[in-house]
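An overview of the molecular structure
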Amino acid sequence: MSFIMSLSAEEGLSLYKKATEKNFEEKAWERWLVDYSKMTKENFKSFAQYFKEIKQPPKSVDNRSDEEIINDAEEILKSMKRSE
């Protein structure tokens, strides 16, 4: 512990980040092992593929039409003008 406390803030943060990444990878490996037991030839994913997919942030999908988005934006602009 004294070794960690003797590091500069930058080195300490770098070490913390690396430890967090390794912990995440270890948890992903454990998840992959569980999912692996359910995989078939058709849906097999290597750990590298699996890890790459879970590292990416989830994509949000907006199912509104262009017209709905424009109407929402206009309502926001109107409400901003009223508050001025």
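Residues numbered from 1 in each chain as written. Predicted model: local features only at pLDDT ≥ 70, side-chain atom pairs only at ≥ 80, totals over all residues. Heavy atoms only, no water.

Turning our attention to the overall build of the protein chain. A tally of helices and strands in the protein chain yields 4 helices and 0 strands. Relative to the globule expectation of 12 Å for 84 residues, the C-alpha radius of gyration of the protein chain, 23 Å, shows a markedly less compact shape. C-alpha atoms of the protein chain, sized along the principal axes, occupy 60 × 50 × 15 Å. Counting all 84 residues of the protein chain, 7% fall into the buried class. For the protein chain, the computed accessible surface area is about 8000 Å², with 57% contributed by carbon and sulfur atoms. Side-chain charges in the protein chain split into 15 positive and 17 negative, and the spacing between the mean points of these groups amounts to 5 Å. (Helix = DSSP H or I, 4+ residues; strand = E, 2+ residues; numbered from the N terminus. Rg over C-alpha atoms; globule rule 2.2 N^0.38 Å. Buried < 20%, exposed > 50% of the residue type's maximum accessible area, 1.4 Å probe, protein only. Areas by Shrake-Rupley, 256 points an atom, 1.4 Å probe, with all protein chains shown as cover. Lys, Arg positive; Asp, Glu negative; His and termini not counted. Charge placed at Lys NZ, Arg CZ, Asp CG, Glu CD.)

Attention now goes to the environment of Gln49. By the element assignment, Gln49 lies in helix H3 (residues 47-55). In this structure the side chain of Gln49 is engaged in a polar contact, spanning 2.8 Å, whose partner is the backbone nitrogen of Ser46. (Polar contact = N/O pair within 3.5 Å; in protein donor to acceptor, adjacent residues only side chain to side chain.)

It is worth spelling out the packing of aromatic side chains at this point. By convention here, two paired aromatic rings are described through the distance between centres and the angle between planes. Under the criterion given, the structure shown has 7 aromatic pairs. Grouping aromatic residues by their ring pairs yields a cluster made of Phe24, Trp29, Trp32, Tyr36, Phe44, Phe47 and Phe51. (Phe/Tyr/Trp six-rings, centres within 6.5 Å; stacked < 30°, edge-to-face > 60°.)

A contiguous nonpolar patch, built from Phe3, Ile4, Met5 and Leu15 and spanning about 440 Å² of accessible area, is present on the exposed surface. Assignment of secondary structure puts Ile4 in helix H1 (residues 2-5). Residue Ile4 is classed as partly exposed on the basis of its relative accessible area, which comes to 41%. (Patch = residues over 30% accessible without salt bridge, like charges linked within 9 Å, V, L, I, M, F, W, Y side chains within 5 Å. Salt bridge = Lys/Arg side-chain N within 4 Å of Asp/Glu carboxyl O.)

Among all positions in H3, only Phe47, Tyr50 and Phe51 are buried. Across the axial projection of H3, the buried residues extend over an arc of 95°, all falling on one side. Exposed positions of H3 whose direction lies more than 90 degrees from the buried face are Ala48 and Lys52. On its buried face, H3 sits against helix H2 (9-36). (Arc of directions from axis to C-beta. Contact = heavy atoms within 4.5 Å.)

Counted under the stated rule, the structure contains 5 salt bridges. The partner of Glu53 in a salt bridge is Lys45, with the nearest N and O atoms 2.7 Å apart. Judged by its relative accessible area of 41%, Glu53 is partly exposed. Assessed through its relative accessible area of 29%, Lys45 is described here as partly exposed. Arg64 serves as the salt-bridge partner of Asp72, at 2.4 Å between the closest nitrogen and oxygen.

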